[in-house]
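Residue-level structure breakdown
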Amino acid sequence: DSGVTQTPKHLITATGQRVTLRCSPRSGDLSVYWYQQSLDQGLQFLIQYYNGEERAKGNILERFSAQQFPDLHSELNLSSLELGDSALYFCASSVGDRPYEQYFGPGTRLTVT
Amino acid sequence: GEDVEQSLFLSVREGDSSVINCTYTDSSSTYLYWYKQEPGAGLQLLTYIFSNMDMKQDQRLTVLLNKKDKHLSLRIADTQTGDSAIYFCAETTGTASKLTFGTGTRLQVTL
């Protein structure tokens, strides 16, 4: 158990809908990262937050947004969902905002029908 | 640019050593990592190496880094059936902490 929690574990929704994925980092970690794992794109970095502020952005679609709250948990919002958004979404956390150990949660499997 | 490549599949017998290879293109890599993903599970951090090191050993795991050839390998000694999983190498570059992952190598351990 990495200490990173994600909810829900599975999510099934229809095209055009909006969902929110939630992540709680390990105790003491200030950085939260979101990654997407799909069959065609592999594992891709989406976005990083450090202590409530956006720190880095990767291949994140404009339909997607994230935030980190004062208690350091983070939410990834996915809107206007398309079939191609079906994937595993992972959250990871680390102590600081410099290269170091990142610990991953169990992921949320999103299926868009 | 960032590109991390791995072979797709490796099959070994239980008790043998496994060597999983990875090549990367970015010369500004700072840390290189190995993660393990079992079916239906998240990514487990196995080990990592700083880019100015050549080798790191951690119990059954040995990481070798050849910076000149931009080649990273993970050796698992005495491979067990519980080692069957997908192994990802990953890198961070410069001061950024986002991970760039390889394509993953599926390790199959046979009896």
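Further up the page is the structure itself.
Residues numbered from 1 in each chain as written. Chains lettered and ligands numbered in written order. Predicted model: local features only at pLDDT ≥ 70, side-chain atom pairs only at ≥ 80, totals over all residues. Heavy atoms only, no water.

Some points on the state of the cysteines
In the structure shown here, the tally under the stated rule is two disulfides over all chains. The residue that forms a disulfide with Cys 23 of chain A is Cys 91 of chain A, at a sulfur-sulfur distance of 1.7 Å. For the disulfide bridge between Cys 23 of chain A and Cys 91 of chain A, the dihedral angle about the S-S bond is near -45°, and by the sign convention the bridge is left-handed. With Cys 23 of chain A in strand 3 (residues 19–24) and Cys 91 of chain A in strand 9 (residues 87–94), the pair connects residues that are 68 residues apart, well separated along the chain. As far as burial versus exposure is concerned, Cys 23 of chain A and Cys 91 of chain A are alike and both buried. Across a sulfur-sulfur distance of 1.9 Å, Cys 22 of chain B and Cys 89 of chain B are joined as a disulfide pair. On the sign convention where negative means left-handed, the S-S torsion of about 65° between Cys 22 of chain B and Cys 89 of chain B marks this disulfide as right-handed. Residue Cys 22 of chain B is found in strand 3 (residues 18–24), and its partner Cys 89 of chain B is found in strand 9 (residues 85–93); the two are separated by 67 residues along the sequence. In terms of burial, Cys 22 of chain B and Cys 89 of chain B fall into one category: buried. (Disulfide = S-S within 2.5 Å. Helix = DSSP H or I, 4+ residues; strand = E, 2+ residues; numbered from the N terminus. Buried < 20%, exposed > 50% of the residue type's maximum accessible area, 1.4 Å probe, protein only.)

Considering the layout of surface pockets
In this approach, a probe sized like a water molecule rolls over the atoms, and the result shows the empty space that is left. Considered as a void within the structure, the largest pocket measures approximately 560 Å³ in volume. Forming the boundary of the largest pocket are 25 residues, of which Gln 37 and Leu 39 of chain A together with Gln 37, Ile 86 and Phe 88 of chain B lie nearest the centre. Among the elements of the structure, strand 4 (31–38), strand 5 (42–50) and strand 9 of chain A together with strand 9 and strand 11 (105–110) of chain B are those that each provide at least two residues to the lining of the largest pocket. A class-by-class count of the residues in the lining of the largest pocket yields 10 nonpolar, 11 polar and four charged. Lining the second largest pocket are 17 residues, with Leu 43, Gln 44 and Asn 59 of chain A together with Thr 100 and Phe 101 of chain B positioned closest to its centre. For the lining of the second largest pocket, the secondary-structure elements that each account for two or more residues are strand 5 of chain A together with strand 1 (4–6) and strand 10 (100–101) of chain B. Tallying contributions element by element places strand 5 of chain A first for the lining of the second largest pocket, with four residues. Broken down by class, the residue content of the lining of the second largest pocket amounts to five nonpolar, eight polar and four charged. (1 Å grid on protein atoms, 1.4 Å probe; cavity = no way out; pocket = protein on both sides within 12 Å on 5 of 7 lines; lining within 4 Å. Points joined across faces, edges and corners; volume = space filled by probe spheres on them. Nonpolar A, V, L, I, M, F, W, Y, C, P; charged D, E, K, R; others polar.)

Notes on the environment of Ser 51 of chain B
Residue and element names in this part refer to chain B. As for its position among the elements, Ser 51 is in the loop between strand 5 (43–50) and strand 6 (55–58). In this structure the C-alpha to C-alpha distance between Ser 51 and Thr 30, which are 21 residues apart in sequence, comes to 5.1 Å. Those residues in contact with Ser 51 that sit more than four places away from it in its chain are Ser 29, Thr 30, Leu 65 and Lys 67. Among the polar contacts made by the side chain of Ser 51, one reaches the main-chain carbonyl oxygen of Ser 29 at a distance of 3.2 Å. (Contact = heavy atoms within 4.5 Å. Polar contact = N/O pair within 3.5 Å; in protein donor to acceptor, adjacent residues only side chain to side chain.)

Overview of the interface of chain B and chain A
Across the contact, 19 residues belong to chain B and 18 residues belong to chain A. Both sides together, the interface formed by chain B and chain A hides about 1,500 Å², and carbon and sulfur atoms give 58% of it. Taken as a group, Leu 43, Ser 97 and Lys 98 of chain B account for 31% of the area that chain B buries against chain A, more than any other trio of residues on that side. The interface formed by chain B and chain A holds zero salt bridges in total. Applying the counting rule to chain B against chain A returns seven residue pairs in polar contact (both at pLDDT 80 or more). (Buried area = accessible area lost by both parts, 1.4 Å probe. Salt bridge = Lys/Arg side-chain N within 4 Å of Asp/Glu carboxyl O.)

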